[in-house]
Amino acid sequence: MTELSAGRAVVELLKLEQVRHIFGIVGSTFLDVLDALYDDKSVEYVNVRHEQGAAFMADGLARVSGAPAACLVTAGPGATNLVTGIAAAHVAHSPVVAIAGGPPLGHYDKDAFQEYDLVALFAPVTKLALRIDSPKRIPEIFRLALRTAMTGRKGPVFLDIPRDVLNDQVVDMELAEPGTYRPLHAPPPSPEAIEEAVSVLRTAQRPLMLVGGGVTWAGAGGLASRLSADFGLPTITAYGRNDAIANDDPLYVGPLGRAGSPEAAAACRRADALLVVGSRLGNFTSFYDDRYIQAGTRIVQIDIDARDLGRHYPVAVAIQADAGHALAALREGFRRAGVKPTSDAWRGEAVELRAKRRARLDAERGLATLPLKPQRVYAELRPALPPETIVALDAGAAPAYGYDRLNFTHPRTFLTPLDLGGLGFAFPEALGAKLARPGAPVLAIHGDGGFLMNVQELETAVRHGINAVTLVMNNNAWGSEKAYQKHFYNERYVGADLGNPRFDRLAELFGARGYYVEHADQVGDVVRAALACGRPAVIEIPIDPNEFPVPATSARRRA
Ligand SMILES: Cc1ncc(C[n+]2csc(CCOP(=O)(O)OP(=O)(O)O)c2C)c(N)n1
Ligand SMILES: [Mg+2]
């Protein structure tokens, strides 16, 4: 046993899980934890400008590293400001440990200064929310929180620590490795379930694999690629999960779902069997209806969590297991059963759809408008981004073109708001991503509205030397919402238009680099220069203010 101050105990418990950055804004409720960092430079407190930024950064870091990430903020508004970013971690299944210092224990349930029922507030956006009522229980509750965050379907957890549980308290604890309090290996599939899946898939004429975030969390993109190659299995990706498999696989058709590729949707409609690996078939992947997934399609669904197996579509076989173990077992099962590759005709369809997508996107290089259309911006971006680039997309219309217009060949390189759809996401996520993988180029793609929601973190980026690049496509509007008013409300615009500063100049005022690009032929060069400039950078590109796609909606109209 080792005797540690309560503040140091918190730091050591996080360090044992490889936490090297803690995001937040200093507050008097948790100074014992900060004080432990004064002499311990192995963990950096990333002192941000708004707690929402801290939560998004932690989420970005966790998504890219796969390891837990931490936020540490003060009571009341410090914690309420975290909520949106923790919700982003919740939809992405990111193991973010959000910690708030609270009022003294004796002030709870008195409407005291900055006292709110944060455990209740965080419950819907976390896997577990708890208060730690005594210093003795700090190790136990942290381990419970970390076990919860890192086991099964991962996800954020919240801990409320009253200030007097930290102040001048001593904790006697074992510096125990994670393997002593949580499983380090994910569960394998049942052999019977694999056998059933093999018999469903081998009898299909047109089987298609749909891979989602579960594949990424399991580190199983390579296994998915091998299964696809060995058995001629065409592949598509779930909404916002384009990086779940290498997009240069010859049978990868494209991303399914909202703002996804029509070719992936066509492949999905043609499939008579769907092997769904690590996807909930959530709202923006499936819309829960038959626009992509046809009635009668036989579905084999693999998920680490039984909650979503057969939830939105009836399944032929449900397999509760880690995506990697399940893919390996399926491949072995296919081989043992002597399953032959899919027909030339079906593979031919997939190759044709893949080529059609590429030709469609290449043709967008011919869009010669001024201001530029976002589609043209992506056409210029594609060849300029090195394959290891991490891209974070914000919500909004201009970023949304990116769901179908970027290529990913490396896992954990595409960060999207998923079904949260929160604005202000991409820039702080990119900062977290850059901290997780400092050697990789990192690009956030924003509209003007979303960027200004967390623009204050430019100061954090400059101070901490986090050199991510942000591209802002400026149409001086809340474009994605304006699109609804354009297409469904006869252009009766209310609350849709914005005014903006020049974002390149704003960046320079913060001490970052700023670039302003109007012409298509400058986009690639400027992006390359910004990625190499050795500072955080912002590129503003004015875009066509009338370029709004018809929104895809569940209720009103089908895209
Ligand atoms: C936090 C938050 N507030 C509001 C919305 C609703 N919303 C979605 S997209 C959008 C407009 C985005 O504007 P901008 O960032 O400029 O991108 P654009 O659509 O113009 O390309 C709004 C208001 C949201 N998704 N998230
Ligand atoms: Mg806009």
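Now for a look at the structure at hand. (Residues numbered from 1 in each chain as written. Chains lettered and ligands numbered in written order. Predicted model: local features only at pLDDT ≥ 70, side-chain atom pairs only at ≥ 80, totals over all residues. Heavy atoms only, no water.)

1. Focus: the site of ligand 1
Right, so step 1: Surveying the vicinity of ligand 1 reveals 18 residues, the closest of which are Ala397, Gly421, Gly449, Gly450 and Ser480.
Right, so step 2: Residue Gly449 places a main-chain N or O atom 2.8 Å away from an oxygen atom belonging to ligand 1.
Right, so step 3: One of the backbone nitrogen or oxygen atoms of Gly450 is found 2.7 Å away from an oxygen atom of ligand 1.
Right, so step 4: Summarising the interface, the protein chains cover 79% of the accessible area of ligand 1, which totals 590 Å² for the free molecule.
Right, so step 5: Of all the secondary-structure elements, those providing two or more residues to the shell around ligand 1 are α17 (397-400), α19 (448-453) and α21 (479-488).
Right, so step 6: At four residues, the largest contribution of residues to the shell around ligand 1 is made by α19.
Right, so step 7: In the shell around ligand 1, the residues fall into seven nonpolar, nine polar and two charged. (Near = heavy atom within 4 Å. Polar contact = N/O pair within 3.5 Å; in protein donor to acceptor, adjacent residues only side chain to side chain. Areas by Shrake-Rupley, 256 points an atom, 1.4 Å probe, with all protein chains shown as cover. Helix = DSSP H or I, 4+ residues; strand = E, 2+ residues; numbered from the N terminus. Nonpolar A, V, L, I, M, F, W, Y, C, P; charged D, E, K, R; others polar.)

2. Structural notes on the pairing of strand β4 (residues 69-73)
Right, so step 1: With five of five residues buried, β4 lies mostly within the body of the structure.
Right, so step 2: Residue alternation in β4 divides its side chains into two sets, Ala69, Cys71 and Val73 and Ala70 and Leu72, and both sets are buried.
Right, so step 3: Where strand β2 (residues 21-24) meets β4, two bridges bridge the pair, whose relative direction is parallel. Within β4, the residue paired with Phe23 across the bridge is Cys71.
Right, so step 4: Pairing between β4 and strand β5 (residues 96-102): five bridges, direction parallel. Bridge pairing in β5 links Ala69 to Val96. (Buried < 20%, exposed > 50% of the residue type's maximum accessible area, 1.4 Å probe, protein only. Pairing = 2+ DSSP bridges.)

3. Points about the side chain of Asp289
Right, so step 1: Assignment of secondary structure puts Asp289 in the loop between α13 (283-286) and β13 (298-303).
Right, so step 2: Among the residues examined, Asp289 registers a relative accessible area of 19% and is labelled buried.
Right, so step 3: Within polar-contact distance, the side chain of Asp289 engages the side chain of Arg291 at 2.9 Å.

4. Observations regarding the side chain of Glu457
Right, so step 1: The residue Glu457 is located in helix α20 (residues 457-464) in this model.
Right, so step 2: No salt bridge is formed by the buried Glu457, whose closest oppositely charged neighbour, Arg463, lies at an N-O distance of 6.3 Å.
Right, so step 3: Polar side-chain contacts of Glu457 include one of 3.1 Å to the backbone nitrogen of Arg49.
Right, so step 4: Setting aside chain neighbours within four positions, we find Glu457 in contact with Val48, Arg49, His50, Gly53, Met57, Phe427 and Leu431. (Lys, Arg positive; Asp, Glu negative; His and termini not counted. Salt bridge = Lys/Arg side-chain N within 4 Å of Asp/Glu carboxyl O. Contact = heavy atoms within 4.5 Å.)

5. Here's the deal with the sheet that holds strand β7 (residues 157-162)
Right, so step 1: Spatially, β3-β2-β4-β5-β7-β6 is the arrangement adopted by the six strands of the open sheet, whose pairing is parallel. Sheet topology places β3 (44-47) and β6 (128-131) at the edges, where each strand pairs with a single neighbour. Each strand of the sheet is rotated relative to its neighbour by a mean of 20 degrees, with strand direction disregarded.
Right, so step 2: In this structure, β2 lies alongside β3, joined through four bridges in parallel fashion. Bridge pairing links Gly24 to Asn47 in β3. (Axes fitted to C-alpha atoms, helices over the stretch in contact; angles between N-to-C directions.)

6. Considerations on helix α15 (residues 344-363)
Three- or four-residue spacings in an α-helix give side chains the same orientation, since the helix completes a turn every 3.6 residues.
Right, so step 1: With 20 residues, α15 ought to run about 28 Å at 1.5 Å a step, and its terminal C-alpha atoms sit 28 Å apart, in line with that.
Right, so step 2: Within the span of α15, buried status applies to Trp346, Ala350, Leu353, Arg354, Arg357 and Leu361. The buried residues of α15 occupy an angular sector of 95 degrees when the element is viewed end-on, so they sit on one face. Residues of α15 that are exposed and point over 90 degrees away from its buried face: Asp344, Ala345, Glu352, Lys356 and Ala363.
Right, so step 3: Looking at the buried residues of α15, the elements they touch are β9 (207-211), β11 (252-255), α12 (262-270) and α16 (374-384). (Expected span 1.5 Å × (residues − 1). Arc of directions from axis to C-beta.)

7. Some remarks on the nonpolar core
Right, so step 1: Ranked by internal contacts, the top residues of the largest apolar core, which has 56 residues, are Leu381, Ile445, Ile539 and Ile541.
Right, so step 2: Among the elements that line this core, the one with the most residues is helix α23 (residues 520-532), at five residues.
Right, so step 3: Apart from the residues within four sequence positions on either side, Leu381 is in contact with Leu443, Ile445, Leu471 and Val527.
Right, so step 4: In terms of nonpolar packing, the next biggest core, distinct from the first, is built from 53 residues, Val48, Ala54, Val73 and Ala512 among them. (Core = buried A, V, L, I, M, F, W, Y, C linked by side-chain atoms within 4.5 Å.)

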